[in-house]
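Chains, contacts and geometry: an overview
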Amino acid sequence: MADLVRVIYRKYDGTLHWNTTMRRLGEDEHGVWLGQPAGGTTRKGTGPPVPVESAHVALFPRDAWWTAEFNAPPRRTDLYVDITTPPRWRSAAEVTMVDLDLDVARRRGEREPRLLDEDEFAEHRVRYGYSAETVARATESAAWLMAAVAAGGGPFGGAHRAWLEQVTAP
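Below you will find a few notes about this structure.

Rules used throughout
- Residues numbered from 1 in each chain as written.
- Predicted model: local features only at pLDDT ≥ 70, side-chain atom pairs only at ≥ 80, totals over all residues.
- Heavy atoms only, no water.
- Helix = DSSP H or I, 4+ residues; strand = E, 2+ residues; numbered from the N terminus.
- Buried < 20%, exposed > 50% of the residue type's maximum accessible area, 1.4 Å probe, protein only.
- Contact = heavy atoms within 4.5 Å.
- Areas by Shrake-Rupley, 256 points an atom, 1.4 Å probe, with all protein chains shown as cover.
- Lys, Arg positive; Asp, Glu negative; His and termini not counted.
- Charge placed at Lys NZ, Arg CZ, Asp CG, Glu CD.
- Pairing = 2+ DSSP bridges.
- Phe/Tyr/Trp six-rings, centres within 6.5 Å; stacked < 30°, edge-to-face > 60°.
- Lys NZ or Arg CZ within 6 Å of the ring centre and 35° of its normal.

**A few points about the overall build of the protein chain**
- Along the backbone of the protein chain there are 3 helices and 11 strands.
- Its helices and strands taken in sequence order, the protein chain reads β-β-β-β-β-β-β-β-β-β-β-α-α-α from the N to the C terminus.
- Taking the principal axes of the C-alpha coordinates as reference, the protein chain spans close to 45 × 35 × 30 Å.
- By residue count, 49% of the 170 residues in the protein chain fall in the buried class.
- When contacts within the protein chain are restricted to residue pairs at least 6 apart in sequence, long-range pairs at least 24 apart make up 49% of them.
- When the accessible surface of the protein chain is totalled, it reaches about 8600 Å², and 51% of it is carbon and sulfur.
- Each charge class in the protein chain was averaged separately, 21 positive and 24 negative side chains, and the resulting centres sit 3 Å apart.

Have a look at this one:
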């Protein structure tokens, strides 16, 4: 059985955001892949567990300002990418990053992604005092992701399928 990894997203002020435990599936040229079968749970902050109905895999790239989640059917959103600070591995059993609000999502069966939460990014940029570098990296990452997802480039060209099979196969 693969090792368990605690996944911790925080907000810029350090507040606990989404967090869960996933299985380490492996690594490739895109980064570290973690997975969770259908029936798992996640939490927002210290709130109650939220059921996860569809299996999914998460990609934590090396030194990139984003993380990606690829969802199995019947989840309507097949790809959800959080713009974050680069994931930091505190140990082999814990990865953490800061969620910077902007998200790139694609619905199942669609080619074009959507950029989400620009209003939240603008609000939190002021409230939390995002640095100029953080704003630049986040907006550059969002632009790159919109193009890469639309073109099916890099890890968005199907690299997730073999990893997703590890958490969806009977």
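From this point on, the discussion continues.
**Regarding the pairing of strand E2 (residues 16-28)**
- Bridge analysis of strand E1 (residues 4-10) against E2 gives 6 bridges, and the strand direction is antiparallel. When the bridges of E2 are listed, Val5 appears paired with Met22.
- Looking at chain direction, E2 and strand E4 (residues 40-44) are connected through 2 bridges and run antiparallel. Directly across from Asn19, in E4, lies its bridge partner Arg43.
- Pairing geometry for E2 and strand E3 (residues 31-36), over 5 bridges, is antiparallel.

**Structural notes on the packing of aromatic side chains**
- Applying the stated criterion across every chain yields a total of 10 aromatic pairs.
- Judged by centre distance (5.8 Å) and plane angle (10 degrees), the ring pair of Trp33 and Trp163 falls under stacked. With Trp33 in strand E3 and Trp163 in helix H3 (residues 160-168), this residue pair connects regions lying 130 residues apart in the sequence. In this structure, Trp33 and Trp163 share a single accessibility class: buried.
- Aromatic side chains Tyr128 and Tyr130 sit 6.4 Å apart centroid to centroid with 25 degrees between the ring planes, which places their arrangement in the stacked category.
- For Tyr130, a relative accessible area of 7% translates into the label buried.
- Taken together, the ring pairs in this structure connect Trp33, Trp66, Phe70, Trp144, Phe156 and Trp163 into an aromatic cluster.
- A cation sits over an aromatic face here: Arg127 above Tyr128, 5.7 Å from the ring centre.

**Some points on unusual backbone geometry**
- Look at the link from Pro73 to Pro74: it is a cis peptide, with omega at 10 degrees.
- In this structure, Pro74 sits in the loop between strand E7 (66-71) and strand E8 (77-84).
- Phi is positive for Asp63, which is not a glycine, with a value near 60 degrees.
- Overall, the relative accessible area of 58% leaves Asp63 in the exposed class.
- Phi is positive for Asp101, close to 80 degrees, though the residue is something other than glycine.
- Among the structural elements, Asp101 can be located in strand E10 (residues 94-107).
- Of the residues examined, Asp101 reaches a relative accessible area of 1% and is grouped as buried.

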